Amino acid sequence: MILTSDKFEKILNSFQGLKPILVVGDLGIDKYTYGEVRRISPEAPVPVLEVSKEWNKLGLAANVADNLKSLEISSTLCGVIGDDSRANLIEHLLEERGLKTWGLVRDSSRHTTYKERVTTATQQICRVDYETKDPIQDEVNRRVGARINEFSTSHAGVIIEDYGKGLISEDLCQKIIKDFTGKNLLVAVDPSRSTPPT
């Protein structure tokens, strides 16, 4: 079946009457460092990238909320960030896109996930990850759970985005599913293959 422009427009228009969607998941920033390679480093057999531009984008579950925004679907993002300069950056990027930051919980024991991709026009040279993958501490988990419980009454459904960074446990996932399905609300889950059962 071919999706015509009229049909696509009709689908988009149907979204506008929806209540907001809650997006719960691991949050991060994707940084892109782009340039050209003209030589190999004399210090080691690695390419030297001459950088021409750099930019930051919302990543992980924040990218899902950003995609919903592109479809004109309102959403609230709920997840854990560090208490560092990159936490400030992710809040700035969300506000710049007109996305809510009410559901963000800061945790000083964690890094805000930050993935830098070093790339040319033809290939990605490497990726540098700054992140904490340990399970979320109980006190922070309770704060996240309280936010989710608060939002469940004012949202049309929830999307659970698990990227294996420590937020989504089996216990938290089951609680969210039980809470939202108990209210006859939509639940969608994008699981990580690396998250162990509890």
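Residues numbered from 1 in each chain as written. Predicted model: local features only at pLDDT ≥ 70, side-chain atom pairs only at ≥ 80, totals over all residues. Heavy atoms only, no water.

Comments concerning helix α4 (residues 138–151)
Here comes step 1: Over its 14 residues, α4 extends 20 Å from the first C-alpha to the last, a length consistent with the 20 Å expected when each residue adds 1.5 Å.
Here comes step 2: When α4 is considered as a whole, its buried residues turn out to be Val-140, Val-144, Ile-148 and Phe-151. The arc enclosing the buried residues of α4, seen along the axis, measures out at 75°, which places them on a common side. The exposed set on the far side of α4, more than 90 degrees from its buried face, consists of Asp-138, Arg-142 and Glu-150. (Helix = DSSP H or I, 4+ residues; strand = E, 2+ residues; numbered from the N terminus. Expected span 1.5 Å × (residues − 1). Buried < 20%, exposed > 50% of the residue type's maximum accessible area, 1.4 Å probe, protein only. Arc of directions from axis to C-beta.)

Some points on the environment of Lys-31
Here comes step 1: Tracing the backbone through its elements, the reader meets Lys-31 in strand β2 (residues 27–40).
Here comes step 2: In the structure, Lys-31 is positioned 97 residues away from Val-128 in sequence and 9.5 Å away in space, judged by C-alpha atoms.
Here comes step 3: Once residues lying within four places of it in the same chain are set aside, the contact partners of Lys-31 are Glu-54, Trp-55, Asn-56, Tyr-114, Lys-115, Glu-116 and Arg-117. (Contact = heavy atoms within 4.5 Å.)

Topic: the pairing of strand β8 (residues 157–161)
Here comes step 1: In terms of burial, β8 is largely enclosed, as 5 of its 5 residues are buried.
Here comes step 2: Both faces of β8 are covered, namely the face carrying Gly-157, Ile-159 and Glu-161 and the face carrying Val-158 and Ile-160.
Here comes step 3: Summarising the sheet, strand β1 (residues 21–25) and β8 pair through 5 bridges and their orientation is parallel. Of the residues in β8, the one forming a bridge with Gly-25 is Glu-161.
Here comes step 4: Relative to strand β9 (residues 186–190), β8 runs parallel, the two sharing 5 bridges. Looking across to β9, one finds that Ile-160 is bridged to Val-189.
Here comes step 5: The parallel pair β8 and β9, bridged by helix α5 (residues 170–182), forms a crossover whose chirality is right-handed. (Pairing = 2+ DSSP bridges. Right-handed = clockwise from strand over helix to strand, strands pointing away.)

Focus: the packing of α4 against α5
Here comes step 1: It is at 11 Å that the axes of α4 and α5 come closest, and there the two elements cross at 15°. With respect to their mutual orientation, α4 and α5 come out roughly parallel. Here α4 runs over α5; the crossing is right-handed. From α4, Asn-141, Ile-148 and Asn-149 reach across to α5, where they touch Leu-172, Ile-176, Asp-179 and Phe-180.
Here comes step 2: Of the residues belonging to the contact of α4 with α5, the class tally is 4 nonpolar, 2 polar and 1 charged. (Axes fitted to C-alpha atoms, helices over the stretch in contact; angles between N-to-C directions. Parallel < 35°, antiparallel > 145°, perpendicular 65-115°, else oblique. Left-handed = near helix turned anticlockwise from the far one by under 90°. Nonpolar A, V, L, I, M, F, W, Y, C, P; charged D, E, K, R; others polar.)

Side note on the state of the cysteines
Here comes step 1: For the structure on display, the rule yields 0 disulfides.
Here comes step 2: Cys-78 supplies the cysteine sulfur nearest to Cys-173, a cysteine that is in no disulfide, at a spacing of 14 Å.
Here comes step 3: Residue class for Cys-173 comes out buried when judged on its relative accessible area of 13%. (Disulfide = S-S within 2.5 Å.)

None of the figures reported here should be taken as evidence of function without further support.
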